[in-house]
Amino acid sequence: MAEDELLGVIRRAYPYAELTQDEYLAVVRMLAEGFSTRRGHRAAYIHRDAVNRVLRGRRGARLTRDHSGGAIPDTADYNVVLEPTSQLVGTVNEDFAIERPRRRHLPVGQHLVSHPARRAGRVRVEDARGQPPTIPFWLGEAPGRSDELSHAVSRLREGVVAHIDSGAPVEQLTQQLDLAAASATQLVEYLGAARAALGIVPTQKTIVFERFFDESGGMQLVIHSPFGSRINRAWGLALRKRFCRKFNFELQAAATEDAIVLSLSTSHSFPLEDVARYLHSRSVRPC
């Protein structure tokens, strides 16, 4: 097919109606030339006759097209091999294997390993020898909780705590919230246990900062903030960077709908109340 004819076909699709000639030719060159890897040249899917401006598919291009039509990318698992015995101890997702920094500690099955090298579909690891593990991450399919729902969760917590403090029977709560008796009882027990552990139930009006040491001796900082994962993720990343700059130490952060978790080491020492002042609106820079 002629290059200009193919460009006309592509521009008939609304998302590419304003595709420029230069952008189009850049894609054509990439598909014609491919790219170089350690294993040689690959991913050249078309023949391009630059003189006559004619394009023709290479062998195997049709198969690639037929297997790559979906919007969901293929992902693979990497085998985790423990050195020097070459023992297979488990698998990790491709995203985690590629994105995780080297020399971080990873729990795999019954082993705690460090992450020195990745090659040819394998992650070669070493025994971490009791070092604190890095918090793993995963990708969810659902969007983060909306601001409205997070606000409703906070109001529900406040209402249940007020009910507990009043000493009213659980039956009254079932009527107020239109819940089954078993669900109301479970809700009261859950939030009652949370208050017993933290001293107060976290809400959007009351954020709780908790610090404790895990079994391996690592320090865990938990910020109980029921603002939803979208706000907590942004807050956690900014707070993580603040810790990294303050202590000159890379650490991991994770966010849920109701909390932020930062994994620190025993060498970090700071008053817990200072964490609430690490970030301030005056220090925000426009993008």
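Here the structure is a predicted model, which is why all the values come from computation and not from measurement. (Residues numbered from 1 in each chain as written. Predicted model: local features only at pLDDT ≥ 70, side-chain atom pairs only at ≥ 80, totals over all residues. Heavy atoms only, no water.)

Would you explain the overall build of the chain in this entry?
A count of helices and strands for the chain gives eight helices and 13 strands. Relative to its full complement of 287 residues, the chain shows a buried share of 29%. Across the chain, contacts joining residues at least 24 apart in sequence account for 45% of those joining residues at least 6 apart. For the chain, the exposed surface amounts to about 19,400 Å²; the carbon and sulfur share of it is 52%. (Helix = DSSP H or I, 4+ residues; strand = E, 2+ residues; numbered from the N terminus. Buried < 20%, exposed > 50% of the residue type's maximum accessible area, 1.4 Å probe, protein only. Contact = heavy atoms within 4.5 Å. Areas by Shrake-Rupley, 256 points an atom, 1.4 Å probe, with all protein chains shown as cover.)

How should I be thinking about the pattern of salt bridges in this particular structure?
Where side chains of opposite charge bring their charged atoms close, a pairing between them can arise. Throughout the structure, instances matching the rule amount to eight salt bridges. The shortest N-O distance in the salt bridge between aspartate 165 and arginine 195 comes to 2.8 Å. Placement of aspartate 165 in helix 5 (residues 147-166) and of arginine 195 in helix 7 (residues 181-198) is noted, with a sequence separation of 30 residues between them. A relative accessible area of 52% means that aspartate 165 is categorised as exposed. Note on arginine 195: relative accessible area 27%, which makes it partly exposed. (Salt bridge = Lys/Arg side-chain N within 4 Å of Asp/Glu carboxyl O.)

Sorry if this is basic, but what is going on with the layout of surface pockets here?
Take a probe with the size of a water molecule and roll it over the atoms, and the empty space left behind shows itself. Size it by volume and the second largest pocket reaches roughly 370 Å³. Lining the second largest pocket are 11 residues, with Ala238, Leu279, Ser283, Val284 and Arg285 positioned closest to its centre. Of the residues contributing to the lining of the second largest pocket, the split by class is four nonpolar, three polar and four charged. (1 Å grid on protein atoms, 1.4 Å probe; cavity = no way out; pocket = protein on both sides within 12 Å on 5 of 7 lines; lining within 4 Å. Points joined across faces, edges and corners; volume = space filled by probe spheres on them. Nonpolar A, V, L, I, M, F, W, Y, C, P; charged D, E, K, R; others polar.)

Hey, could you run me through a nonpolar patch on the surface in this one?
On the surface, Leu156, Leu177 and Leu179 cluster together into a nonpolar patch covering about 200 Å² of accessible area. Along the chain, leucine 156 turns up in helix 5. When its relative accessible area of 35% is taken as the criterion, leucine 156 is described as partly exposed. (Patch = residues over 30% accessible without salt bridge, like charges linked within 9 Å, V, L, I, M, F, W, Y side chains within 5 Å.)

Hey, could you run me through the environment of serine 267 in this one?
Summarising the element assignment, serine 267 is placed in the segment after strand 13 (259-264). Each C-alpha atom, one on serine 267 and one on glycine 218, is 9.1 Å from the other, the two residues being 49 residues apart in sequence.

It is not clear to me how the packing of helix 5 against helix 6 (residues 170-177) should be interpreted in this structure. Could you clarify?
Angle between the axes and distance between the axes are the two parameters that describe a pair of packed helices. Relative orientation of the contacting elements helix 5 and helix 6 amounts to 150 degrees, with a least axis distance of 11 Å. Considered as vectors, helix 5 and helix 6 are oriented roughly antiparallel to each other. Between helix 5 and helix 6 lies a crossing whose hand is right-handed. From helix 5, Leu156, Val160 and His163 reach across to helix 6, where they touch Val170, Gln172, Leu173 and Leu177. (Axes fitted to C-alpha atoms, helices over the stretch in contact; angles between N-to-C directions. Parallel < 35°, antiparallel > 145°, perpendicular 65-115°, else oblique. Left-handed = near helix turned anticlockwise from the far one by under 90°.)

Sorry if this is basic, but what is going on with unusual backbone geometry here?
What is expected of a backbone is that most residues other than glycine have negative phi and most peptide bonds are trans. The backbone of arginine 53 sits at a positive phi, close to 55 degrees, despite the residue not being glycine. On the basis of relative accessible area, arginine 53 is assigned to the partly exposed category, the value being 31%. In this structure, aspartate 178 is a non-glycine residue whose phi angle is positive, near 55 degrees. Here aspartate 178 shows up in the loop between helix 6 and helix 7. On the basis of relative accessible area, aspartate 178 is assigned to the exposed category, the value being 70%.

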